[in-house]
Amino acid sequence: MTTYVEETLVLVKPDGVARNLTGEILRRIEAKGYQLVDIKLIEPERELLAEHYAEHQGKPFYEPLVEFMESGPIVALRIAGNRVIEGFRSLAGTTDPTTAAPGTIRGDLARDWGLAVQQNLVHGSDSPESAARELALWFA
Ligand code: RTP
Ligand code: MG
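What counts and what doesn't
Residues numbered from 1 in each chain as written. Chains lettered and ligands numbered in written order. Predicted model: local features only at pLDDT ≥ 70, side-chain atom pairs only at ≥ 80, totals over all residues. Heavy atoms only, no water. UniProt positions renumbered as here; feature names shortened; annotations may be inferred. Core = buried A, V, L, I, M, F, W, Y, C linked by side-chain atoms within 4.5 Å. Buried < 20%, exposed > 50% of the residue type's maximum accessible area, 1.4 Å probe, protein only. Helix = DSSP H or I, 4+ residues; strand = E, 2+ residues; numbered from the N terminus. Pairing = 2+ DSSP bridges. Axes fitted to C-alpha atoms, helices over the stretch in contact; angles between N-to-C directions. Contact = heavy atoms within 4.5 Å. Salt bridge = Lys/Arg side-chain N within 4 Å of Asp/Glu carboxyl O.

- By the naming in an unreviewed UniProt entry, the protein chain is Nucleoside diphosphate kinase, taken from Herbiconiux moechotypicola.
- Annotation of the protein chain in UniProt includes, under Cofactor (unreviewed entry), the sentence "Mg(2+)".

In structure tokens:
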């Protein structure tokens, strides 16, 4: 049997921490069978957020997104498992919480509170390259 272990970065965004949903989000990750490897509470510097969201610099939602990400503490998780990168994206649901499928983290626990799609509770790396880059940033 081949074992293939992959790691990804999950962030519980400021809305998730403020709404005391960190435990519920971690519960879903663990219930799915992924392994928690590392965890920390962090209030990131703008520099870290700028690097994290480098691909979105210049987009209209970039500044409000960074301001939202600076609005309170974030919980960073390093999780592992076979195909965990796509697996966590599937658990999270699509970006817009209003239309994210019920059964997903965003679909069950988030909605539009007035900041459009920014307050969608979680971030998950979207590719092996992003996961390696983002884990190095948040768990330097
Ligand atoms: P994430 O990176 O947070 O896991 O979410 P994602 O891949 O589903 O979404 P992405 O396109 O990478 O966007 C990153 C985050 O930016 C905010 N966003 N706002 N049009 C908008 O106002 C807009 N589009 C994206 C969301 O917080 C999204 O998660
Ligand atoms: Mg993304």
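Once you've had a look at it, read on.
**Section: the nonpolar core**
- Counting residues in hydrophobic clusters, the biggest one holds 22 residues, and the most contacted among them are Ile25, Ile29, Leu77, Phe88, Ile105 and Leu121.
- Per-element tally for this core: the top contributor is helix H5 (residues 84–92), with five residues.
- In terms of nonpolar packing, the next biggest core, distinct from the first, is built from 17 residues, Leu9, Met69, Ala76 and Leu135 among them.

**Quick notes on the sheet that holds strand E2 (residues 35–42)**
- Spatial strand order, E2-E3-E1-E4: four strands in an open sheet with antiparallel pairing. Edge positions in the sheet fall to E2 and strand E4 (122–124), since each of these pairs with one other strand and no more. Shown here is a sheet whose adjacent strand axes are inclined to one another by a mean of 20°, direction ignored.
- Alignment of strand E1 (residues 6–12) against strand E3 (residues 74–81), held across seven bridges, turns out to be antiparallel. Bridge pairing in E3 links Val10 to Leu77.
- The strands touched by helix H2 (residues 22–32) are E1, E2, E3 and E4; relative to E3, the strand with the most contacts, the crossing angle is about 5°.
- Most of the contacts of H5 go to E1, to which it runs at about 30°, and overall it touches E1, E3 and E4.

**Brief notes about the pattern of salt bridges**
- For the structure shown, the criterion picks out seven salt bridges.
- Residue Glu24 pairs with Arg27 through a salt bridge whose shortest N-O separation is 3.2 Å. Here the residue Glu24 and the residue Arg27 both occupy positions in helix H2, the gap between them amounting to three residues, near one helical turn.
- Classification of Glu24 by relative accessible area gives partly exposed; the value is 24%.
- Of the charged contacts, one joins Arg46 and Glu63 as a salt bridge, the two residues approaching to 3.2 Å between their closest N and O atoms. Here Arg46 is found in helix H3 (residues 46–52), whereas its partner Glu63 is found in helix H4 (residues 62–69), with 17 residues between them in sequence.
- Residue Arg46 is classed as partly exposed on the basis of its relative accessible area, which comes to 35%.
- Each member of the salt-bridge network shares a partner with another, and the members are Glu24, Arg27, Arg28 and Asp108.

**A closer look at the UniProt feature "domain: Nucleoside diphosphate kinase-like" (unreviewed entry) in the protein chain**
- Mapped onto the present numbering, the UniProt feature "domain: Nucleoside diphosphate kinase-like" (unreviewed entry) falls at residues 5–140.
- A helix fraction of 41% and a strand fraction of 19% characterise residues 5–140, whose end C-alpha atoms lie 20 Å from each other.

**A closer look at the UniProt feature "binding site: ATP" (unreviewed entry) in the protein chain**
- With numbering aligned to this structure, UniProt lists the feature "binding site: ATP" (unreviewed entry) at Lys13, Phe61, Arg89, Thr95, Arg106 and Asn120.
- Examined against the element boundaries, Lys13 turns out to sit in the loop between E1 and helix H1 (14–18).
- Taking relative accessible area as the criterion, Lys13 reaches 5% and is therefore assigned buried.
- When neighbours within four sequence positions are excluded, Lys13 is seen to be in contact with Tyr53, Phe68, Met69, Pro73, Ile74, Arg106, Gln118, Asn120, Leu121, Val122 and His123.
- With respect to the helices and strands, the residue Arg89 is situated in helix H5.
- Residue classification places Arg89 among the partly exposed positions, given a relative accessible area of 40%.

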